[in-house]
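A closer look at the structure
The residues making up each chain are set out below.
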Amino acid sequence: MVWIPGCDEIPLSISSVTGPNVELTVVRVGEATTRLHALKIGDQIGLRGPYGQGFSFPTNETTILVGGGYGIVPLRFLFHHYRRYSPAKLPVVALGAKTATSLLFIAELNPQLIVTEDGTAGKKGLISDFLPGLIKQVQAQRLIVCGPQEMVNTLYEIACNSGIPIEASLEEYMRCGIGLCGSCVKRALLVCNDGPVFTTDKLALLCKL
Amino acid sequence: MLEINLCGMRLKNPLILASGILGTGNDILRRVAECNIGAVTTKSMGLVSRPGYSGPSIVATDCGYLNAMGLPNPGVKVFAAELARWDKHPAAVPLIASIYGSTPAEAAEVAAIIAPVAAAIEINLSCPHASGYGLAVGSDPQSVEKIVYAVRQAVQIPILAKLSPAVADITIIGKAAESGGADALVAINTLPAMAIDITLRRPLLGNITGGLSGPAIRPIAIRAVYELYKAVNIPIVGSGGIVTGEDAIEFILAGATAVQIGTGIAYKGLTIFTEIEERMRRYLQQERISLAELVGLAHRMSL
């Protein structure tokens, strides 16, 4: 949870951690993020967390990280973790976005699949159009995804059809972040505490169309 | 062994989910209801929706939490539609609807809209951080009596009045609620409090001040229940910092018929209800005493 003094406190995922430095990747979408963009070096903000359940870290499986738009941000943090602790078995990265300028961290993540809706980079279409092919090609054993809910819904179906587990980090408005206030409830699940990363069994409740 | 009758409601144990905690929708309340609990309470609802305050809305502090959510809710009509799916079977866990209103007429209107889907109404007379609502009306005995009376005229189901400890004498407010027609009292809500970040040199809560809950306020709550037990003739639901079975038993001894649990979930998760229930059961067995006999037992002056 990131506190922007005098404005609000919002849930953000961590983009990278280097020593004592925590890196956030913030898209300007509302008042709080606009204020974050306006900060100067030396300005101070508050941080609390991290809370809830994180990604698993399977180092003996072929895993595909699928980022939809800005959803790549928490997966970048996970990718760094692999680079540091499991350099011999890095996950495969697939990136999708609306347009080329929304594709983040390409150079660093070296994605095997890039898809844009308008075809300005990589293949044209939705990431879900090309993912079944990639799953077969690399013989993936797990999907770890973050992106818009519709994308997660489709990827959940693809994972089920492919018979492999899926983990997805979901987004929801949060207030307390610690499982008390109920602001982030989806069905009977709390995104802050039961999630934000949900595994196949929980996604079965959250992704059914 | 732990079954109780609270104002005509049959509870399988005296543990109730406190208002403001998790009670935003049918599915999450159902999940809590499956956790060895006697009854659940919704988040407080008003006539129209409120967005709540800007964050931060919660701060962890020594032995508790400070919060200033600002009564966020979608309004009673949306809540009534959401909770229409609640199972009203006699064996199901009773649903208590928490309501607020700035005037007697407003509170009565909210209560009348939600009453068809609820087993009881809890009137929030004590939120310490919503101007014009809660404590703003709950600290004046005449206002309290009028609000409770108006709700009494509007609904047939039991009414619980949730009181604030931030008054000179809680028994005066408790008696006012009783005269207004409350079937039970709930004591206590959170205490007005605040915290300041020394690095940023600013109040931590978006609303600057908020309400303190958790173990820090338990002794205050115990005293409030103890005093109310002597002052009124209606049952008291104890609330404030209950984390363990021992805490719950302490409230019963002070005079509570049932207890509410909220912040404790932050420490123990939803298994807290099972933990407390088992501890209470063991205590009753070991002490060879019934739950009913335990209520108010600390008031004995001699052995």
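Just so we're clear, the structure is a prediction, and the values are computed from it rather than from any experiment. (Residues numbered from 1 in each chain as written. Chains lettered and ligands numbered in written order. Predicted model: local features only at pLDDT ≥ 70, side-chain atom pairs only at ≥ 80, totals over all residues. Heavy atoms only, no water.)

On to the pairing of strand E5 (residues 58-61) of chain B. Along any regular strand, the residues point their side chains to alternate faces of the sheet. Residue and element names in this part refer to chain B. Strand direction decides the pairing type here: E5 and strand E6 (residues 64-67), joined by four bridges, are antiparallel. Each bridged residue has a counterpart across the sheet, and for Ile 58 the counterpart in E6 is Asn 67. Hairpin connection between E5 and E6: a loop of two residues separates the two successive antiparallel strands, and Cys 63 in this loop has a positive phi of roughly 55°. (Pairing = 2+ DSSP bridges. Helix = DSSP H or I, 4+ residues; strand = E, 2+ residues; numbered from the N terminus.)

Time to look at helix H5 (residues 149-162) of chain A. Residues and elements named next belong to chain A. In a regular helix each residue adds 1.5 Å, so 14 residues correspond to 20 Å; H5 covers 20 Å between its end C-alpha atoms and thus fits that length. Listed in full, the buried residues belonging to H5 are Met 151, Val 152, Asn 153, Leu 155, Tyr 156, Ile 158 and Ala 159. Positioned one or two residues after H5, Gly 163 has a phi angle of 70°, which is positive. (Expected span 1.5 Å × (residues − 1). Buried < 20%, exposed > 50% of the residue type's maximum accessible area, 1.4 Å probe, protein only.)

This paragraph deals with the pairing of strand E6 (residues 63-68) of chain A. All names here are of chain A. The element E6 is extensively covered by neighbouring structure, given that six of its six residues are classed as buried. With five bridges joining them, E6 and strand E10 (residues 142-146) adopt parallel strand pairing. Each residue of the ladder has a partner; that of Ile 64, found in E10, is Leu 143. Here E6 runs beside strand E7 (residues 92-97); their pairing, made up of five bridges, is parallel. From the neighbouring strand, Val 66 faces E7, where its bridge partner is Ala 94. Between the parallel elements E6 and E7, the chain passes through helix H2 (residues 72-85) in a crossover that is right-handed. (Right-handed = clockwise from strand over helix to strand, strands pointing away.)

Quick look at the interface of chain B and chain A now. Across the boundary between the two partners, chain B contributes 29 residues, which contact 24 residues of chain A. Summed over both sides, the interface of chain B with chain A buries roughly 2000 Å², with 61% coming from carbon and sulfur. Looking at the side of chain B facing chain A, the largest losses of area belong to Arg31(B), Ile58(B) and Leu200(B), adding up to 25% of the total buried there. Between chain B and chain A we count two salt bridges in total. Applying the counting criterion to the chain B and chain A interface returns eight residue pairs in polar contact (both at pLDDT 80 or more). For the side of chain B that touches chain A, the element with the highest residue contribution is helix H1 (residues 26-33) of chain B, accounting for three residues. (Contact = heavy atoms within 4.5 Å. Buried area = accessible area lost by both parts, 1.4 Å probe. Salt bridge = Lys/Arg side-chain N within 4 Å of Asp/Glu carboxyl O. Polar contact = N/O pair within 3.5 Å; in protein donor to acceptor, adjacent residues only side chain to side chain.)

Hydrogen bonding along the main chain pairs the strands of a sheet, whether they run parallel or antiparallel. All names here are of chain B. In spatial order, the strands read E3-E16-E15-E10-E9-E8-E7-E4; together these eight strands make up an open sheet with parallel pairing. At either margin of the open sheet sits one strand with a lone partner, and together these are strand E3 (15-17) and strand E4 (40-41). Note: strand E9 (residues 159-163) against strand E10 (residues 184-187), four bridges, orientation parallel. Bridged to Ala 161 within E10 is Leu 185.

Attention now moves to the pattern of salt bridges. One pass over the structure, following the stated rule, counts 19 salt bridges over all chains. Close ionic contact of Arg31(B) with Asp194(A) constitutes a salt bridge, the shortest N to O distance being 2.7 Å. Taken together, the positions of Arg31(B) in helix H1 and Asp194(A) in the loop between strand E13 (189-190) and strand E14 (197-199) put the pair across two chains. We classify Asp194(A) as buried; its relative accessible area is 19%. For Arg218(B), the salt bridge goes to Glu250(B), with nearest N and O atoms at 3.0 Å. Here Arg218(B), found in helix H7 (residues 218-231), pairs with Glu250(B), found in helix H8 (residues 245-254); they are 32 residues apart in sequence, far enough to count as distant. Within the structure, one salt-bridge network assembled from shared partners comprises Arg187(A), Asp27(B), Glu82(B) and Arg85(B).

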